[in-house]
Amino acid sequence: MPAAPVKFAYWVPNVSGGLVTSKIEQRTDWGYEYNRELAVLAENNGFDYALSQVRYMASYGAEYQHESTSFSLALLLATQRLKVIAAVHPGLWHPGVLAKLGATADHLSNGRFAVNVVSGWFKGEFTALGEPWLEHDERYRRSEEFIRALRQIWTEDHTELSGDFYRLRDFSLKPKPLNTAERPHPEIFQGGNSTAARAMAGRVSDWYFSNGKDFDGVTEQIGDVRKSAAEVGRRAPKFGLNGFLIARDTEAEARDTLREIVAKADTEAVEGFGAAVKQAGQSTADKKGMWQDSSFEDLVQYNDGFRTGLIGTPEQIAERIVAYRKLGVDLLLLGFLHYHEEVEYFGKRVLPLVRELEAQLPDAEPESVPVHA
């Protein structure tokens, strides 16, 4: 059977400062009206998902921000087909409380709510809220327990859990989220590049988000996640890759835009962000984690989006997207400089070329690993 077409998501700019930490003009806005129009524009230009960011306090060029779950629900109610993924932090959320919110959002949106479980890199947010900051791998162990609890609450009549982080006693949720042919419960995404994150994704997640990566980096991560899933007899999660997309009529225009973004970087904000995220990753036992080898230029785009290389003409970008699809990437999570204009340009100029190239791909081999919860 033909390989499934690659899906597209966009970072919701519900945080001030745009998607690059630069003083370059960004025709984008963190407010609701702008984002409501953007969501409608995105679903009409080939986007399947939107990911609402989460910051709980002002920091690193993100002075203002709207909370992710409430903002996601607002976008769901403003659209008809777009699925919206709300980012949440275990440690600041209880899985039972999120499960209740998610079930309601799922009913109100006819099954379009999803969640991104973020284990946390920003120590300052936790300490400012008086919450403990766990060691790196412990944060992922807590996230895994959070996801197991969330899935059980959403799919079983009664939940019992005596975990290291959460306790549930004969907990029953009604109504459950919608159980559709597409998915038995709201999709569960997770991020992280570390060894702990990859292992956790294979064991419990529906989707794994990676920071921006080149072809070799993607191949390595997909291999690790698939190995982790196979070890527990589970089908591997789908793979999402972050990328900052600069599509212009000529490659020179696109490269000039990238150079200007970096040249006008907010140096103080980039360095502050870099210091925070690198201490989080450096706390891993093998020093292998998000942002560990990120350069100053990489950090100008929060999640290493320049590394994915989606910079050039529509033809060049479409070819690179399909090359990632052939490696096993199921979804591209995209950021833009000027959202309204560039989302529409993507839908009209880039997406049709992607679909043409995908139609030429050989049939996919069927997966033989069974699905288990």
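No experiment lies behind these values; they were computed from the predicted model shown.

Student: Mind showing me how you'd approach the overall build of the chain here?
Tutor: Of regular secondary structure, the chain possesses twelve helices and twelve strands. Here the C-alpha radius of gyration of the chain, 20 Å, is about what a compact globule of 373 residues would show, namely 21 Å. Each principal axis of the C-alpha atoms in the chain carries an extent, and together these give about 60 × 50 × 45 Å. Buried positions account for 54% of the 373 residues belonging to the chain. Of the contacts made within the chain by residues no fewer than 6 positions apart, 75% connect residues no fewer than 24 positions apart. Looking at the chain as shown, the accessible area adds up to about 15,600 Å², and 51% of this sits on carbon and sulfur atoms. Positive and negative side-chain charges of the chain, numbering 42 and 53 respectively, have mean locations separated by a distance of 3 Å.

Student: Where do I start with the sheet that holds strand β8 (residues 207–210) in this structure?
Tutor: Two strands in a sheet stick together by hydrogen bonds in their backbones, pointing the same way (parallel) or opposite ways (antiparallel). The strand order around the closed barrel built from eight strands is β1-β2-β3-β4-β7-β8-β9-β12, with neighbouring strands paired in parallel fashion. Across the sheet, the axes of successive neighbouring strands diverge by a mean angle of 25 degrees, strand direction being ignored. Pairing of strand β1 (residues 7–12) with strand β2 (residues 49–52), which is carried by four bridges, proceeds in the parallel orientation. Along β2, the bridge assignment pairs Trp 11 with Leu 51. Against the sheet, helix α7 (residues 215–231) makes contact with β8 and β9 (238–244), and its axis sits at roughly 155 degrees relative to β9, the strand it touches most.

Thresholds applied
Residues numbered from 1 in each chain as written. Predicted model: local features only at pLDDT ≥ 70, side-chain atom pairs only at ≥ 80, totals over all residues. Heavy atoms only, no water. Helix = DSSP H or I, 4+ residues; strand = E, 2+ residues; numbered from the N terminus. Rg over C-alpha atoms; globule rule 2.2 N^0.38 Å. Buried < 20%, exposed > 50% of the residue type's maximum accessible area, 1.4 Å probe, protein only. Contact = heavy atoms within 4.5 Å. Areas by Shrake-Rupley, 256 points an atom, 1.4 Å probe, with all protein chains shown as cover. Lys, Arg positive; Asp, Glu negative; His and termini not counted. Charge placed at Lys NZ, Arg CZ, Asp CG, Glu CD. Pairing = 2+ DSSP bridges. Axes fitted to C-alpha atoms, helices over the stretch in contact; angles between N-to-C directions.

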